[in-house]
Amino acid sequence: MLVLSRRAGQGIRIGDDVRLTVVAIDGQFVRLGLEAPAACKILREELWHSVAADNKEAAAAPTSAHALAQAIGRGS
Amino acid sequence: MHQPTIAPAFPMLQIQTFRFGEPEQVAVSPASLFTFPEPVPGLAESHRFALIEDVAYGPLKWLQSLDEAAVCLPVLPAASVALPGYGADVAAFLDAAPDADTRVLLVTRFDAEAGSFAVNLLAPIVLDGGSGTGRQVILEDRSHPIRQHIVWDARDEVFAPC
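Residues numbered from 1 in each chain as written. Chains lettered and ligands numbered in written order. Predicted model: local features only at pLDDT ≥ 70, side-chain atom pairs only at ≥ 80, totals over all residues. Heavy atoms only, no water.

Colleague: Quick question: what am I supposed to make of the interface of chain B and chain A here?
Modeller: Note: interface size is frequently given as the accessible area lost on complex formation between the parts. At the interface, 38 residues of chain B touch 26 residues of chain A. Summed over both sides, the interface between chain B and chain A buries roughly 2,800 Å², with carbon and sulfur atoms accounting for 63% of that surface. Put simply, chain B and chain A have four salt bridges between them. Between Glu 57 of chain A and Arg 109 of chain B there is a salt bridge, and its shortest N-O distance comes to 2.8 Å. Taken together, chain B and chain A are joined by seven residue pairs in polar contact (both at pLDDT 80 or more). Elements that contribute at least two residues to the side of chain B that touches chain A include exactly β6 (72-77) and β7 (102-111) of chain B. Examining the composition of the side of chain B that touches chain A, we find that four residues originate from one element, β7 of chain B, more than from any other. Here the side of chain B that touches chain A is built from residues that sort into 25 nonpolar, six polar and seven charged. (Contact = heavy atoms within 4.5 Å. Buried area = accessible area lost by both parts, 1.4 Å probe. Salt bridge = Lys/Arg side-chain N within 4 Å of Asp/Glu carboxyl O. Polar contact = N/O pair within 3.5 Å; in protein donor to acceptor, adjacent residues only side chain to side chain. Helix = DSSP H or I, 4+ residues; strand = E, 2+ residues; numbered from the N terminus. Nonpolar A, V, L, I, M, F, W, Y, C, P; charged D, E, K, R; others polar.)

Now the structure itself:
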C-alpha cells in the first residue's frame, strides 16, 4: 500500500480523472473531497461491508424463506 | 418427406436449489438466468444466478447461485413493498433509465431478534432482462436502511414498512 502524508488543502491525483483533496482535518476526522467520472463508484467502505454481511446471512438462512412464505399465507 | 422434430424455442432448464435448505430441482426459463459482471458483496464467487419464481409463493422469489449451490438469496420485488419514491431513488443510480425489462429486487430475511421480516433497501438488486445481467446497487447517501422491517398486508397483498 502506498502511504502519503498530506496537509489540509493538498490533494492527490489518481490516474487521469480522479482527484482526492484533503478539505479539512479536525481531530479524529478528515474531510475528503473526491472528483471522479460518474461511472466511477465511490462508496464508504463500511457500507460495502455491511451489505456483504447482510448478503451472507440472507443467502445462508433458508428458514427465512419458510417463515416468509407462511407469513404471506403461501407456505406449508 | 421426413418431418424434422421441432424443439421448443426456449426449453426450460432444470437447476438445483437450496431455497428451503434441502436440495431440490426446479425448472427455470433461460430468460431467468442472469450474469453479475461485478462481484456481489460477500458472495464474490457467485457470478451467475437463476431467478426462481413460483406462483405458489406469491411475491417471494429466490436468486439461486449457479456457481455456489449453497448460496440462495430470498428476494421480494421492490414493487411488493409500499415505499413511495423508492423506485425513483433506485433509478437515479442506474446507467440507463429503467424499462419493462428492468426488475428491482430486495434481499429479504427473517430477523429473529425483532421477530419480523426485513428487506435491504440500501442495496437493491437490479436485473436487466434485455442484457441478462444483474448487479447489486448500493444507494450511497440516500438514507435507505439495510434492515427495513415490513409487515404483510393480506388485504392489499403488499408489504408495508413497520
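This is not the end of the story, as more comes after the structure.
Colleague: What is the right way to look at the sheet that holds strand β2 (residues 18-26) of chain A in this model?
Modeller: Pairing between the strands of a sheet comes from backbone hydrogen bonds, and it takes one of two forms, parallel or antiparallel. Residues and elements named next belong to chain A. Pairing in this open sheet of three strands is antiparallel, and the strands run β1-β2-β3 from one edge to the other. Both outer strands of the open sheet, β1 (11-14) and β3 (29-35), are each paired with one neighbouring strand and no more. With strand direction ignored, the average angle separating the axes of adjacent strands in the sheet is 25°. (Pairing = 2+ DSSP bridges. Axes fitted to C-alpha atoms, helices over the stretch in contact; angles between N-to-C directions.)

Colleague: What is the right way to read the side chain of Asn 55 of chain A from this model?
Modeller: Residue placement: Asn 55 of chain A occurs in helix α1 (residues 45-59). Sequence-distant contacts of Asn 55 of chain A, that is, excluding residues within four places in its chain, are made with Val 40, Pro 41, Leu 43, Leu 73, Val 107 and Gln 136 of chain B.

Colleague: How should I be thinking about the nonpolar core in this particular structure?
Modeller: A general tendency of soluble globular proteins is for nonpolar side chains to be buried together. All names here are of chain B. Grouped together as the largest cluster of nonpolar side chains are 30 residues, with contacts concentrated most on Leu 60, Trp 62, Tyr 86, Leu 106, Ile 150 and Phe 159. Apart from the residues within four sequence positions on either side, Tyr 86 is in contact with Ala 78, Leu 106, Asn 120, Leu 121, Pro 124, Leu 139 and His 144. With 16 residues, the next largest nonpolar core counts Phe 34, Phe 36, Leu 51 and Val 71 among its residues. (Core = buried A, V, L, I, M, F, W, Y, C linked by side-chain atoms within 4.5 Å. Buried < 20%, exposed > 50% of the residue type's maximum accessible area, 1.4 Å probe, protein only.)

Colleague: Explain the packing of aromatic side chains to me, please; I cannot follow it from the model alone.
Modeller: Here the distance between the centres and the angle between the planes together describe a pair of aromatic rings. All names here are of chain B. The final tally for this structure, using the stated rule, is five aromatic pairs over all chains. Each ring, one from Phe 20 and one from Trp 62, has its centre 5.4 Å from the other, and the planes form 75°; the classification is edge-to-face. Separated by 42 residues along the polypeptide, Phe 20 in the loop between β1 (13-17) and β2 (24-28) and Trp 62 in strand β5 (residues 61-65) bring together distant segments of the chain. Per residue, the accessibility class of Phe 20 equals that of Trp 62, and both read buried. (Phe/Tyr/Trp six-rings, centres within 6.5 Å; stacked < 30°, edge-to-face > 60°.)

Colleague: Which parts of the structure should I look at to understand the environment of Glu 157 of chain B?
Modeller: Residue and element names in this part refer to chain B. Looking at the element boundaries, Glu 157 is found in the loop between β11 (148-153) and β12 (158-161). Judged by relative accessible area, which is 47%, Glu 157 ranks as partly exposed. Separated by 103 residues in the primary sequence, Glu 157 and Asp 54 place their C-alpha atoms 16 Å from one another.

Colleague: What is the right way to look at a nonpolar patch on the surface in this model?
Modeller: Residues and elements named next belong to chain A. Taken together, the side chains of Ile 25, Val 30 and Leu 32 define a hydrophobic patch exposed on the protein surface, amounting to about 280 Å² of accessible area. Relative to the assigned elements, Ile 25 resides in strand β2. Exposure remark for Ile 25: the relative accessible area of 48% places this residue in the partly exposed category. (Patch = residues over 30% accessible without salt bridge, like charges linked within 9 Å, V, L, I, M, F, W, Y side chains within 5 Å. Areas by Shrake-Rupley, 256 points an atom, 1.4 Å probe, with all protein chains shown as cover.)

Colleague: When you look at the pattern of salt bridges in this model, what are you seeing that I'm missing?
Modeller: Opposite charge on two side chains permits pairing when their charged atoms draw close. Using the criterion set out here, one finds eleven salt bridges over all chains in the structure. Across the salt bridge formed by Arg 19 of chain A and Glu 35 of chain A, the nearest N and O atoms sit 2.9 Å from each other. Remark: Glu 35 of chain A occurs in strand β3 and Arg 19 of chain A occurs in strand β2; sequence separation between them is 16 residues. Overall, Glu 35 of chain A belongs to the partly exposed group, its relative accessible area being 43%. A salt bridge links Arg 19 of chain B to Asp 54 of chain B; the shortest N-O distance between them is 3.4 Å.

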